[in-house]
Structures are given as structure tokens and as C-alpha cells.
Amino acid sequence: MSQHTICITQKNVINSTSGSNTLVYQFPTSAQFSNHSIALQSISVYYSWMSISEALGNNKFTFTIYPDDAWASTYTVTFPDGAYNVSYINNFFKYWSIQNGLYMINSVTGEYGYFASFSVNSVKYAVEIQTFSSVIPVGWTLALTFPLHAGGDVWNPVLTFPSGFNLIIGYSSGFSTDSNSGGLDVSPTVNGGVIAGNTIAYLSSIAPQVQPNSTVLVSCNSIQNKYSQSPIIYAFSSAGTGFGDLIMDKPSHLCFSPLMPGIYSELRVTLLGTDLTPLAMQDPNITILFVIQENV
């Protein structure tokens, strides 16, 4: 049984608008495979694919002040493409609130306060969201640019999570927080919110998927597998790796997949997300070693 190693690197990456996810290896001369198999020996890539992006369709939610009121104003919070954790999501929301004048200021310390927050509840394996009432605490004032109107009820802002972003933080599609118009008049069970003073808190109802593509699938177009329509030959994870860091993965033993018989001028390898679509890799610095063997 003879084995041969081929190395696919950055020079084999095909540039495309969808990211550096497809690599094409050209054989020096045409190769005839009749009874051959292929296995991934090792792979090195940089963790460079986004968790939130316009392409993924998970980069927006809406934020409404004065809900249930003639002066209701709804804003769209749009995240720049990036790799976010819950802390980064909360920090960007603070930045967005400042940019839109939707915050409070402590008149003594100059500290800023916000009308909603996102945090991890590790005990519940959930993202906790808190919304805060328009009843301004003593010692605090609204930002000068906060949109004001005469009269109006007490309210908590309404955050609505459309399909896509909802999965990142673990809420059902279209979930909205309670408006609490009139002030603390909602039931603690409405939309799962729990009232504590002027704050309403919520917990994820489904497991958050802060990185929707924590596992990367390696596909090869020449695989013969009668049990699957997808030519997947390996999978690796970004777990425990910081964004921008190198992922090096090597299987403990080679798992060979049969190649379709034929004459080959090239092999085409694609890195896929968990939805089986090409992953938008930002860094083309990729090295993959494959072993091709002739079966006995």
C-alpha cells in the first residue's frame, strides 16, 4: 500500500468575495485514481472568520424609546462585521447609545448610564438582558441630545431581536422585551421578564450561539460517499482559540475517504461553516497536508 503526501498552502487559495475558503491544488501531471483514498494529515489556519456580519444576516436589532406612545422612536442597532463575545456586544451597545444620545450622566462623577445591558449568566448558560426604566435615578440626568417630549408615560425600552441576531444571544426570533408603559405594570411572566425595582431582567430561552461557526468542516469535491451528499472529510474547532490566533489540528489517526475513480488535474478543497456554506475566512494563511493512498 503506497502513500503520498500533498501540501496545500496559501498559494492555492482562490480569491473570492466570500473569503479565503476555497483552495485548488493542481497536480504536476494528470493523476489517475482507480482505487485510492485520501485523508487529512494536518491543518493550520488562523481564527479569522466573523461571528456577526451583514453576510451572516445576524448584525441588527431594534431599540425603541417611548414605546406605546405617540412619540415612539425606533432605532436600528447595526453591528460592524466582527468576532464578538457578549462583553463586546454590550460594549458596542454602549458606544452606539452614546453616538445616538440615548444615555444618562451622573452629575457628580460624570459616569454614563445606559437603558439596557447584555451580560453572561454562566450558571444558567444564558445571556442576561436588563432594561432600565425612564425613571431617572437621583443624581443622574439625561444626555443633552436625548430626544425629549412633554408628558409621556414611564417606560422601559423595547429591544426586538430579528431572525439571525436572536440566535447569537439565545432568544426566539422576533422576541421583544416589555415596554412597561405606565411604570412597573407588567406581569413578571410577560415575555419571561422578572421585575426588580425599575429594572426588568431576561434570560436566554435557547442556548446562545455567540460564534455560529465554532466548528469548521473540510470538504473535498472528489470524495465518494454514498451515505452523504456533502463531501466532508474532516472537522476542527476554534474552541479555546482567541480571535486572530493560530489553530493547529492533527487527527490522532488518519481517516481515509475513497476518491471517485477518474483522471484528475486538480483537487478542490473548501472550508465550510456548520450550515455547509463556504466560510468567510479573512486570513488566507492556510496550510493543509493530505495523504493519498492506493488501496490494496
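Up top you'll find the structure we're talking about.
Residues numbered from 1 in each chain as written. Predicted model: local features only at pLDDT ≥ 70, side-chain atom pairs only at ≥ 80, totals over all residues. Heavy atoms only, no water.

Participant: Help me understand the side chain of Thr270, please; the structure alone is not making it clear to me.
Facilitator: Of note, Thr270 is situated in strand β19 (residues 262–272). Once residues lying within four places of it in the same chain are set aside, the contact partners of Thr270 are Asn21, Thr22, Leu217, Val218, Ser219 and Pro278. (Helix = DSSP H or I, 4+ residues; strand = E, 2+ residues; numbered from the N terminus. Contact = heavy atoms within 4.5 Å.)

Participant: In this structure, what is going on with the layout of surface pockets? I would like to understand it.
Facilitator: With a probe scaled to a water molecule rolled over the atoms, the places where space remains empty come into view. In this model, the largest pocket occupies a volume close to 290 Å³. If you trace the largest pocket, you find 18 residues lining it, with Ser18, Ser53, Ala55, Leu56 and Ala280 closest to the centre. Grouping the constituent residues of the lining of the largest pocket by class yields eight nonpolar, eight polar and two charged. (1 Å grid on protein atoms, 1.4 Å probe; cavity = no way out; pocket = protein on both sides within 12 Å on 5 of 7 lines; lining within 4 Å. Points joined across faces, edges and corners; volume = space filled by probe spheres on them. Nonpolar A, V, L, I, M, F, W, Y, C, P; charged D, E, K, R; others polar.)

Participant: Just to check I follow, could you spell out empty space enclosed by the protein for this structure?
Facilitator: In total, this model carries one cavity of 30 Å³ or more according to the counting rule given. What the largest cavity holds in volume is close to 30 Å³. Taken together, Tyr66, Pro67, Asp68, Asp69, Asp153, Trp155 and Ser181 form the lining of the largest cavity.

Participant: Teacher, can you tell me more about unusual backbone geometry here?
Facilitator: The backbone phi angle of Tyr66 is positive, close to 50°, even though this residue is not glycine. Examined against the element boundaries, Tyr66 turns out to sit in the loop between β4 (60–65) and β5 (73–78). The residue Leu276 is not glycine, and still its phi comes out positive at about 65°. Positionally, Leu276 belongs in the loop between β19 and β20 (287–294).

Participant: Just checking my understanding: could you explain the sheet that holds strand β12 (residues 175–176) for this structure?
Facilitator: Strand pairing in a sheet relies on backbone hydrogen bonds, with the paired strands running either antiparallel or parallel. What the four strands build is an open sheet, ordered β5-β4-β11-β12; its pairing is antiparallel. The sheet is open, and its two edges are formed by β5 and β12, each paired on a single side. In this structure, β4 lies alongside strand β11 (residues 158–161), joined through three bridges in antiparallel fashion. In the sheet register, Thr62 faces β11, and the bridge partner there is Thr160. (Pairing = 2+ DSSP bridges.)

Participant: Would you mind going over the pairing of strand β9 (residues 126–132) with me for this structure?
Facilitator: Successive side chains on a regular strand alternate, one facing one side of the sheet and the next facing the other. Of all seven residues making up β9, five are buried, and the element is well covered by its neighbours. In this sheet, β9 lies alongside strand β8 (residues 116–121) in antiparallel orientation, the contact comprising six bridges. Bridge assignment links Ser117 to a residue of β9, and that residue is Gln130. Connecting β8 to the next strand, β9, in antiparallel fashion are four residues, including Tyr125 with a positive phi near 50°. For β9 and strand β14 (residues 199–203), the ladder comprises five bridges, and the chain directions are antiparallel. What sits directly across from Phe132, in β14, is Thr199. (Buried < 20%, exposed > 50% of the residue type's maximum accessible area, 1.4 Å probe, protein only.)

Participant: Before we go on, may I ask you to explain the state of the cysteines in this structure?
Facilitator: Linking two cysteines covalently via their sulfur atoms produces the bond known as a disulfide. Across all of its chains, the model carries zero disulfides by this definition. Free of any disulfide, Cys7 has its nearest neighbouring cysteine sulfur in Cys220, separated by 15 Å. With no disulfide partner, Cys255 has as its closest neighbouring cysteine sulfur the one in Cys220, 13 Å distant. (Disulfide = S-S within 2.5 Å.)

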